[in-house]
Every structure is written in structure tokens, then in C-alpha cells.
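# Observations on the three-dimensional arrangement
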Amino acid sequence: MADTIDLYSDRGAKLKSGVDINDISPMRNAAIKSIVTGIKRTAAVDLAGIEKTLATSAIGGKGRKIPGREMKLDIVKNAAAIQKAVNELVQVDSGDDTVVKALNGGKQLIVQVPSVRIDVAAEYVSSLTCTASAVTQALVSQFNIGMFDAPTIKSAVWGQYPQTLDMVGGNVKSIVDIPQKDEGFGYTLRNVMANHLAATCKKSAMNTAALCSILENTGVFEMGDAIGNQTRHRLLAFSHQGLNANNMVYGTTKALGKTGTIGSAVHACVEKAIADKVISADKKFASGYTTYKTNDVGKWNAYCAAGTLVATLINCGAQRAPQSVSAVLLYYNDLIEKETSLPGCDFGKVQGAAVGFSFFSHSIYGGGGPGVFNGNHVVTRHSKGLAVPCVAAAVALDAGVQIYSPEKTSGLVGDVFSSVDEFREPIKAVAGAV
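Notes on the structure in this doc start here. This is a predicted model, so every value here is computed, not measured.

Each helix and strand in the chain was counted, giving 19 helices and eight strands. For the chain, the C-alpha radius of gyration of 23 Å lies close to 22 Å, the compact-globule estimate for 434 residues. Relative to its 434 residues, the chain shows a buried fraction of 55%. Long-range contacts, defined here as pairs at least 24 residues apart, represent 68% of the contacts in the chain between residues at least 6 apart. Counting every atom, the chain has about 18000 Å² of accessible surface; 52% of that belongs to carbon and sulfur. Charge separation in the chain, taken as the distance between the mean sites of 42 positive and 37 negative side-chain charges, equals 4 Å.

Bringing the pattern of salt bridges into the picture now. Tallying each qualifying case throughout the model produces 16 salt bridges. Of the charged contacts in the structure, one is a salt bridge between Asp3 and Arg232, with a shortest N-O distance of 2.7 Å. With Asp3 in the segment before strand S1 (4-8) and Arg232 in helix H9 (residues 230-242), the pair connects residues that are 229 residues apart, well separated along the chain. A salt bridge links Asp346 to Lys349; its shortest N-O distance comes to 3.6 Å. One continuous salt-bridge network, built from bridges that share partners, spans Asp3, Arg232 and Asp296.

Roughly 840 Å³ of volume is contained in the largest pocket. As for the largest pocket, its lining consists of 31 residues, of which Asp166, Met167, Lys173, His196 and Thr409 are closest to the centre. Listed by contribution, the elements that provide at least two residues to the lining of the largest pocket are strand S6 (172-173), helix H16 (406-409) and helix H17 (411-417). Taken together, 17 residues line the second largest pocket, and the ones lying closest to its centre are Thr253, Leu313, Ile314, Gly317 and Leu397. Secondary structure elements with two or more residues in the lining of the second largest pocket: helix H8 (205-222), helix H10 (248-256) and helix H12 (297-319). For the lining of the second largest pocket, the element with the most residues is H12, which contributes four residues.

Relative to strand S2 (residues 14-20), S1 runs antiparallel, the two sharing four bridges. When the sheet's bridge partners are listed, Thr4 is paired in S2 with Asp20. Between S1 and S2, which pair antiparallel one after the other, the connecting turn spans five residues, and Gly12 there sits at a positive phi close to 85 degrees.

What follows deals with the pairing of strand S3 (residues 42-46). Burial analysis of S3 places five of its five residues in the buried class, which makes it a mostly covered element. Of the two faces of S3, the one holding Thr42, Ala44 and Asp46 and the one holding Ala43 and Val45 are both buried throughout. Direction of pairing for S3 relative to strand S5 (residues 108-112): antiparallel, over a ladder of five bridges. Bridging across to S5, Ala44 finds its partner in Ile110. Two elements, S3 and S6, share two bridges in a ladder whose sense is antiparallel. Each residue of the ladder has a partner; that of Ala44, found in S6, is Lys173.

A few words now on the sheet that holds S5. Spatially, the four strands line up as an open sheet ordered S4-S5-S3-S6, and their pairing is antiparallel. Because the sheet does not close on itself, it has two edges, and the strands there are strand S4 (99-103) and S6. Relative to S3, helix H2 (residues 47-56) is tilted by about 40 degrees, and along the sheet it contacts S3 and S5.

Residues of H10 that are buried include every one of Met248, Val249, Tyr250, Thr253 and Leu256, and no others. Buried residues in H10 make contact with H8, H9, helix H11 (262-275) and H12. Once H10 finishes, Gly257 follows within two positions and takes phi at roughly 60 degrees, a positive value.

Definitions and limits used
The numbers attached to residues start from 1 for each chain and follow its sequence in the written order. Per-residue local features of the predicted model are confined to residues with pLDDT of at least 70, and side-chain atom pairs are confined, for both listing and counting, to 80 or more; whole-chain, interface and lining totals are unaffected and use all residues. Here the side-chain values reflect all heavy atoms present in the structure, with hydrogen atoms and water set aside. Numbering of helices and strands runs from the N terminus, with a helix taken as a DSSP run of H or I at least four residues long and a strand as a DSSP run of E at least two residues long. Each radius of gyration reported is based on C-alpha atoms, and the globular scaling rule is 2.2 Å times the count of residues to the power 0.38. Think of it in three bands: residues with accessible area under 20% of the maximum for their type are buried, residues over 50% are exposed, and the middle band is partly exposed, with areas taken using a 1.4 Å probe on protein chains only. Throughout, a residue-residue contact means that at least one pair of heavy atoms, one from each residue, lies within 4.5 Å. For the accessible areas, the method is Shrake-Rupley and the probe is 1.4 Å, while residue cover comes only from the protein chains on display. Under the counting rule used here, the positive set is Lys and Arg, the negative set is Asp and Glu, and His together with the chain ends is not counted. Working definition for charges: the position is that of NZ of Lys, CZ of Arg, CG of Asp or CD of Glu. Whenever a carboxyl oxygen of Asp or Glu lies within 4 Å of a side-chain nitrogen of Lys or Arg, that contact is scored as a salt bridge. Here a cavity means grid points, on a 1 Å grid over the protein atoms only, where a 1.4 Å probe fits yet cannot get out; a pocket means an open set of points with protein on both sides within 12 Å along at least five of seven lines; lining residues are those with an atom within 4 Å of a point. Grid points are joined across faces, edges and corners, and a volume is the space filled by probe spheres set on the points. Whether two strands pair depends on DSSP finding at least two bridges between them. Every axis corresponds to a line fitted to the C-alpha atoms, with the helix fit spanning only the stretch in contact, and the corresponding angles, defined between N-to-C directions, vary from 0 to 180 degrees.

If you want it as C-alpha cells, here you go:
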């Protein structure tokens, strides 16, 4: 592969020139490796939530309360002591890469377990399990809890687990879901709710799309879909859509301005592809309709992927609401296929995901807004790496019209995970590592 790209920021500033696309591969880029490893290592602890849970004895989630088990503990005020104890319990060796910090006046802890706990594990849940155990022990010791009350402390931290598969009603969270909820091989990094991503990136739409794209495409590599001739194909689409390669996403969105539409995004993508000799006219019919051809399918797909995000930013940004993102994914690609006679983004799989998405998110079924979806969902998993970044960007543009908003579902995750620079601003991090 001899493909080179220029990397631009989420505001159109050039960060790196002449970057070999291999250098933004999840297998090679140090920042992507650090982001993925960091996410597996990181847990968010809601100390204020534990304090409230114990004070009200509302243990185990919605509708559950155990009268007579109330416990008044000043957990937030003792955050520094709890932080120190958790650090000592979680670390393997003194001076290893364990990180435990108190945030927001002691209301939360960010815990990054040492890498060795992840490296020697068969799964990635050590961040949750070891953190929850350490917090439980730290609280029992700090407040001299007796043997008959210790189970209440444990339940306030762990929630209903192990009666449930996950920690329902607990106060320790990870950004990735548990292994039992994965749809198949390699889906863990695609199993992150769009609201979590938007909250982590402080609702910066392009950084949210980038973080989603990094996780989605790293998952694509993990599940074996970027082997051989698929490697270049995947990296081109990833770089152009997720990392604003050659400033296609930001530059095109800005150029279309206030009057941009899904249709003008289609025209801009086609005109750019013609100008860059990615596609060329093939046959002109009597009606005047012209079909196009390409000698570089991977690059055409990358242009379509970038254009799909452009259309999302224009449409969902104009209304400050994410509900139309499924329509954008569908009709942008439907129009570009009619305009060129060539396949749209991901060879129709983005369109396919969009049809099911609209039904499940806010149509007849209406199970939840776009913010609660992820690439592991039964209707969005078919387009690997190229549909959900647009969904995540749309959610970041939400002005508060979703029933299940990032503020409602992802407050703890956002407060804690956004404190890590490379999680919050992944475009800059990736460019800085090439």
C-alpha cells in the first residue's frame, strides 16, 4: 500500500501531512492502542451514588428498597482516604501504571487498573471487578463496617450482580458492556452506547465520531474483517470518515454552509471524486443519465463514508436532534447510488442498517432513541465501522430532544471518561502518534 493522507483536526487545522495509512492502523498507531487499552482498564466509580444508595437503602436499581437497612456514611467527604485505599488494593506492584483519582470534589473516582490485570486475563472485565472489590473493601475498612452490614456495602457497589448478568443498580461503570452481551466474535469494542461516546467527548460531534470510529474499526480488525485485501479498504474508510483525512468531512461541511442539504452533500462528494479522478464517466444514455466507473473501489467507498458523515452533520446539526440520522444514512446513500450508478457506503450495508434502525429507534416499535444504540445492536451491526460513527455524531448534536439523553444515561461515564485527554480528543491524539 502506498496511500498517503493528510490529517486534520475537528476544526480543519492540518495536523500531519503525508501520513501513510498504515500508520493510523489500530495495529500500529500508539494512540489508538493506548485508547483501546485505556478503555479496557478504566472504570468509573460513583462515590456520591454509593452514599445516596446507602442513605436511602434503595439498593439494586429501580423500584428496589430495603427498609431498615439505611446507612449514613460520609463517603464523599472521605474520598481522599478511599482513593488511597483503592489504589493500594488495585495495584499489583508499587509504581506500576495504576491510576486512581478523585474527581468533582470527591463525588467520583476514575480507576485505571494496572495493565497486567488486563494482560493476564481472558476477558476485559478486571476494570469492573477489581475496582468494585477494592471499593467495597475500602469502604468496609474506612467506616469499620461489621460482618452483618458488609453485604449492604457490597450491594451498593456491585448492584444486583451476581443475580443478574451485569451490575444492575451498581455504582461502578465501564464504557464497554459485559462479554455476555456481545453479538459475536470481536464485538466488544463495538458494544459502546452512542450516548456514552458523546458524553466522553463533551458532545464534540467530530471527536465523538472519531472515538466511535476508532473503537468500531479496531473491532473490525479483531473480528478478522481487515485481513489481506480488506486492510486497505478498511483503513481508507476509517481515515476519511473517522479521522477527517484530507479535511473532507470538516471542509465539505463548512463549504456547504447554512444552506447545505443531504442532496448538496451528495453533489459535493461526487464532484470531489470526479476532480480527484476516483471515478469517471462511463456511459451516457439518451435521457442524459450518465453512469460512472471507478478503478479504486476502496477510495470511492472512503469518499462515500466521509460524505455520509457530512450529510449527518448538516442534517442533524441543522435541527439539533439525532432522530433523523437513520433517514440520512439511508437517503444519502440511496441518492449517491442513483447519481453515479456505483454502490454507496459499505456496499449498501449502511442503507440496510438504516432501515432497521429507523424502525427500532422511533418508528412503530420505538424502543429507544439513537443515543442508546451501538454497533453491537441487531439492526446496526451489519455495517462494520461506518454507520454508528454517524449515529454517535448525531447524538452529540442533540440539543436535548431525546427521551434517553446522554445526560440521563451517561452522566457518570461522561464525567469520568472525559477527564482522559485521549478519550476526549482522539483526533489530535491519533495524529500526534504518527
